[in-house]
Amino acid sequence: MTALRIGNASGFYGDRFDALRDMLTGGELDVVTGDYLAELTMLILGRDRLKNPAGGYARTFLRQLEESLGLAHDRGVRVVTNAGGLNPAGLADAVRQLADRLGIPVRVAHVEGDDLGARFPGSLTAHAYLGGSGIAACLREGAEVVITGRVTDAALVTGPAAAHFGWGPEEYDRLAGAVVAGHVLECGTQATGGNYAFFAEGGRDLRRPGFPLAEIHEDGSCVITKHPGTGGFVDVGTVTAQLLYETTGARYAGPDVTARLDTVRLTQDGPDRVRIHGVRGEAPPPTLKVGRTRLGGFRNEVVFVLTGLDIEAKAALVREQMAQVFLKSRPAEVRWELVRTDRADAETEETASALLRLVVRDPEPDAVGRALSGAAVELALASYPGFHVLAPPGKGSPYGVFEAAYVPQEDVEHLAVLHDGRRLPVAAPTAAGTRVLEEVPEPDLPDPPPPGPVRRAPLGLVAGARSGDKGGNANVGVWARTDEAWRWLAHELTADRFRQLVPESRELTVTRHPLPRLRALNFVVEGVLGAGVAAQHRFDPQAKALGEWLRSRHLDIPEALL
């Protein structure tokens, strides 16, 4: 059976608008997918649905489809997307109306069952992460467009692959291969040079990276590539970086299968072609993850600009003055952070300035509202010399909290709703067809390099990194590009050394997961993001740049590697 060509046209809600059209016109495809959902997106859609119960889906997708549905239909390309968000039935109806208006005969199906709001009272949204079986059922019944709500990102690939090749639910190695392909595709241009640690090397054109596609084979192996003539590049490094993104240990669990990331093999298969093979799979866990969002309270923020001399004394004065305000009414949480962006003898006022950031949170809006912001403004003529703030403080705004829960797979009614109205139940795996997750034994590591001269230098000269968020935890994947660098990295970058290099993690749990076949280490930093991205707990609330900060830290590195 020939390879199934699955392309991606969206990595998040707000991605490049014309990517769908470009993927359909840029080369051969069988399926085009679009990933629009993230933890923060679910909160945004939940608030949208409060204003308009008929909403709750990614409206951008409809506008993209208006100029691309005819292209997809004429080329026989099926469209699979999670743009349905909280309301896949509503988006499916809107797509049918669009198709009728354009005069395009298209069969539209959708997947239901992820919405578990009734089981989790007090949540703004509560949705189970479904697998690809519902998508596969829709495609087997002839659907040309499949709309889902909250499915795993990889399900957008495992569903079409299972339908195309006729894989059964226990063909774990094949399904695991598709999961890995789906994980590489899900973030769009992150697989083709976007956000890549070594972006400055080689004179590559990264102004407009092309979106990735996977040529999936019947045995579950695949080749990651992109359409000819598009920007960016695909090599073992870009694929490694995306494989490490927002994963944890060697077992990457999903509703259909648990993929063993410690079995993944990557081979450069020509220019802009990386072959993924050797992936092993295991039975999926007996539970489904449920992502819950809720209103956490209200927050406000003031950023004081401190310029020139006596930065520490100026910051201390502001804190003492605001402490007088807090004697009358103190918010539940008060956080101060002094960011020393200032330089001595600076040539511009901006580079002579530091930022003092005050963030407050409370369950009640009044506690962080105008009484607080007014107090900050009243200091304008009564505080440190050069007093000003980055922006006038406002009245405070609501913030969200993300929480994870788990429910038995069999307790979720997974349904494929077909174009003709039929509702097909999708069977959950039996108890015998599941496996409780366990940590894998510590893998064998190569011998450390022999002693030799070292030089103090940034880690990023010999290692790449990519980081991201999962709820309140941060994931930082670090990889070496040569066997010799891996010998050093595997022994040097321990969990304790990570804590030394990233001071805010010193009081937190940091777990290291080695992946020798990828020459990589994956670190999970628990709780560093507080209650998740919507809570805006830290300067970089999704930990997107945490890996780059780590790469900038200095270590004693063997001169032979530099």
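Scroll up for the structure.
So, here's what we can say about the structure. The structure presented is a predicted model; accordingly, all values stated were derived computationally and were not measured. (Residues numbered from 1 in each chain as written. Predicted model: local features only at pLDDT ≥ 70, side-chain atom pairs only at ≥ 80, totals over all residues. Heavy atoms only, no water.)

## As for the overall build of the protein chain
Note the threshold: Runs of H or I in DSSP of at least four residues are treated as helices and runs of E of at least two as strands, each being numbered from the N terminus. The globule rule is 2.2 Å times the number of residues to the power 0.38, and the radius of gyration it is compared with is taken over C-alpha atoms. When accessible area is computed with a 1.4 Å probe and restricted to protein chains, residues below 20% of their type maximum are described as buried, those above 50% as exposed, and intermediate ones as partly exposed. In this description, contact between two residues means that some pair of their heavy atoms is separated by no more than 4.5 Å. Accessible surface area values rest on a Shrake-Rupley calculation with a 1.4 Å probe, where residue burial reflects the displayed protein chains alone. Note that His is not counted, nor are the chain ends; the positive residues are Lys and Arg, and the negative ones are Asp and Glu. Taken as the charge location is NZ of Lys, CZ of Arg, CG of Asp or CD of Glu.
Across its full length, the protein chain carries 14 helices and 26 strands. Computed over C-alpha atoms, the radius of gyration of the protein chain comes to 25 Å, within 12% of the 24 Å expected from 2.2 N^0.38 for 562 residues, which places it in the range of a compact globule. Once the C-alpha set of the protein chain is aligned to its principal axes, its extents read approximately 75 × 65 × 45 Å. Each of the 562 residues in the protein chain was classed as buried or not, and the buried ones make up 55%. A sequence separation of at least 24 residues applies to 75% of the contacts in the protein chain between residues at least 6 apart. When the accessible surface of the protein chain is totalled, it reaches about 24100 Å², and 51% of it is carbon and sulfur. Within the protein chain, one finds 61 positive and 72 negative side-chain charges whose respective centroids are separated by 1 Å.

## Some words on the environment of Gln 500
Here Gln 500 is to be found in helix H13 (residues 495-501). A residue is classified by how much of its surface remains accessible, and Gln 500, at 45% relative accessible area, is partly exposed. Spatially, the C-alpha atom of Gln 500 lies 9.9 Å from that of Arg 553, the residues being 53 residues apart in sequence. In this structure, Gln 500 is in contact with Arg 506 and Arg 553, ignoring residues within four places of it in sequence.

## Examining the packing of helix H10 (residues 311-328) against helix H11 (residues 370-377)
For clarity, the cut-off: Think of each axis as a best-fit line through the C-alpha atoms, taken over the contacting stretch in the case of a helix, with angles from 0 to 180 degrees between the N-to-C directions. Should an angle fall under 35 degrees it is taken as roughly parallel, and over 145 as roughly antiparallel, whereas 65 to 115 is taken as roughly perpendicular and any remaining angle as oblique. In this scheme the handedness of a crossing depends on how the near helix is turned from the far one: anticlockwise by less than a right angle means left-handed, clockwise means right-handed. Any residue that is not Ala, Val, Leu, Ile, Met, Phe, Trp, Tyr, Cys, Pro, Asp, Glu, Lys or Arg is counted as polar, Gly included; the first ten are nonpolar and the last four charged.
One way to put it is that H10 packs onto H11 with a least axis distance of 10 Å and a crossing angle of 150°. The orientation of H10 with respect to H11, classified from their angle, is roughly antiparallel. Like other packed secondary-structure pairs, H10 and H11 cross with a definite hand, here right-handed. In this structure, H10 uses Met 322, Val 325 and Phe 326 to contact H11, whose residues at the interface are Leu 372, Ala 375 and Ala 376. In the contact of H10 with H11, the residues fall into six nonpolar, no polar and no charged.

## Details of the sheet that holds strand S9 (residues 251-253)
Where we set the bar: Between any two strands, pairing holds if DSSP finds at least two bridges.
In spatial order, the strands read S9-S10-S13; together these three strands make up an open sheet with antiparallel pairing. Looking at the sheet topology across the chains shown, the edges are occupied by S9 and strand S13 (280-282). Strand-to-strand twist of the sheet, defined as the mean angle between neighbouring strand axes without regard to direction, takes the value 30°. Bridging between strand S10 (residues 258-260) and S13 involves three bridges; their strand directions are antiparallel. Each bridged residue has a counterpart across the sheet, and for Ala 259 the counterpart in S13 is Gly 281.

## With respect to unusual backbone geometry
In this structure, Asn 195 is a non-glycine residue whose phi angle is positive, near 55°. Relative to the assigned elements, Asn 195 resides in the loop between helix H8 (172-185) and strand S7 (212-216). With a phi close to 60°, Asp 272 is a non-glycine residue in the positive phi region. Note that Asp 272 resides in the loop between strand S11 (265-268) and strand S12 (274-277). Looking at Asp 272, the relative accessible area reads 25%, which means it is partly exposed.

## As for the environment of Ala 465
Along the chain, the position of Ala 465 falls in strand S22 (residues 463-470). Given the relative accessible area of 5%, Ala 465 is considered buried. As a C-alpha pair, Ala 465 and Arg 260 span 205 residues in sequence and 20 Å in three-dimensional space. Apart from the residues lying within four places of it in its own chain, the contact partners of Ala 465 are Ala 197, Gly 477, Val 478, Trp 479, Gly 547, Glu 548 and Arg 551.

## Side note on the nonpolar core
Under the convention used in this document: To qualify as a nonpolar core, a set must consist of buried Ala, Val, Leu, Ile, Met, Phe, Trp, Tyr and Cys residues joined through side-chain atoms within 4.5 Å.
Counting residues in each nonpolar core, the largest one holds 73 residues, and the members touching the most others are Ile 216, Ile 224, Val 239, Val 264 and Ile 276. Excluding anything up to four places from it in sequence, Val 264 contacts Val 180, Leu 243, Ile 276, His 277, Val 279, Arg 517 and Leu 518.

## Examining the packing of aromatic side chains
Basically, it comes down to this: In this analysis, rings of Phe, Tyr and Trp, with Trp reduced to its six-membered ring, are considered paired at centre separations within 6.5 Å, and the interplanar angle assigns stacked below 30 degrees, edge-to-face beyond 60, and tilted for intermediate values. Counting as a charge over the ring demands two things of the Lys NZ or Arg CZ atom: a distance within 6 Å of the ring centre and an angle within 35 degrees of the ring normal.
Counting across every chain of the model gives eleven aromatic pairs. Where Tyr 196 meets Phe 198, the ring centres are 5.9 Å apart and the plane angle is 70°; that geometry is what we call edge-to-face. Residue classification places Tyr 196 among the buried positions, given a relative accessible area of 5%. The buried category is assigned to Phe 198, whose relative accessible area is 5%. It is Arg 361 that lies over the ring of Tyr 399; its NZ or CZ is 5.4 Å from the centre.

## Description of helix H9 (residues 236-244)
An α-helical turn contains 3.6 residues, so a residue and the one three or four places further along point in the same direction. Applied cut-off: As used in this structure description, the phrase polar contact means that two N or O atoms lie within 3.5 Å; if the pair is within protein, one of them must be able to donate a hydrogen and the other to accept it, and residues adjacent in sequence are counted only when both atoms belong to side chains.
Counting buried positions over the nine residues of H9 gives eight, a clear majority of the element. Structurally, the start of H9 carries an N-cap: the backbone nitrogen of Gly 237 is 2.9 Å from a side-chain oxygen of Asp 235. Once H9 ends, the next one or two residues include Glu 246, with phi positive near 55°.

## Points about the environment of Leu 98
Topologically, Leu 98 is positioned in helix H5 (residues 88-102). For Leu 98, a relative accessible area of 5% corresponds to the buried category. Each C-alpha atom of the pair Leu 98 and Glu 66 lies 7.1 Å from the other, and the pair is 32 residues apart in sequence. The residues touching Leu 98, leaving out its near neighbours within four places in the chain, are Leu 62, Leu 65 and Glu 66.

## Notes on the sheet that holds S22
Two orientations exist for strands paired in a sheet by backbone hydrogen bonds: parallel and antiparallel. Pairing is antiparallel across the open sheet formed by four strands, whose spatial order is S22-S23-S25-S24. Single-partner strands in this sheet number two, and they are S22 and strand S24 (510-515). Neighbour-to-neighbour, the strand axes of the sheet open up by a mean angle of 20°, direction not taken into account. With six bridges connecting them, S24 and strand S25 (residues 520-525) associate as antiparallel partners. Considered in S25, the bridge of His 513 is made with Asn 522. Of the strands in this sheet, S22, strand S23 (473-480), S24 and S25 touch helix H12 (residues 483-492), which is tilted by about 145° from S23.

## A short note on the packing of H8 against H9
Relative orientation of the contacting elements H8 and H9 amounts to 100°, with a least axis distance of 8 Å. What the angle tells us is that H8 and H9 run roughly perpendicular. Judged by residue contacts, Val 180, His 183 and Val 184 of H8 engage Val 239, Gln 242 and Leu 243 from H9. Across the contact of H8 with H9, the residue classes break down as four nonpolar, two polar and no charged.

## Examining the pairing of strand S3 (residues 78-81)
Every regular strand shows the same layout, with side chains that alternate between the two sheet faces. The pairing of strand S2 (residues 31-34) with S3 spans four bridges and is parallel. Pairing of Gly 34 across the sheet is with Thr 81, part of S3. Both S3 and strand S6 (residues 145-147) contribute to a ladder of three bridges, which runs parallel. Within S6, the position partnered with Thr 81 by the bridge is Ile 147.

In short, geometric facts, not functional conclusions.
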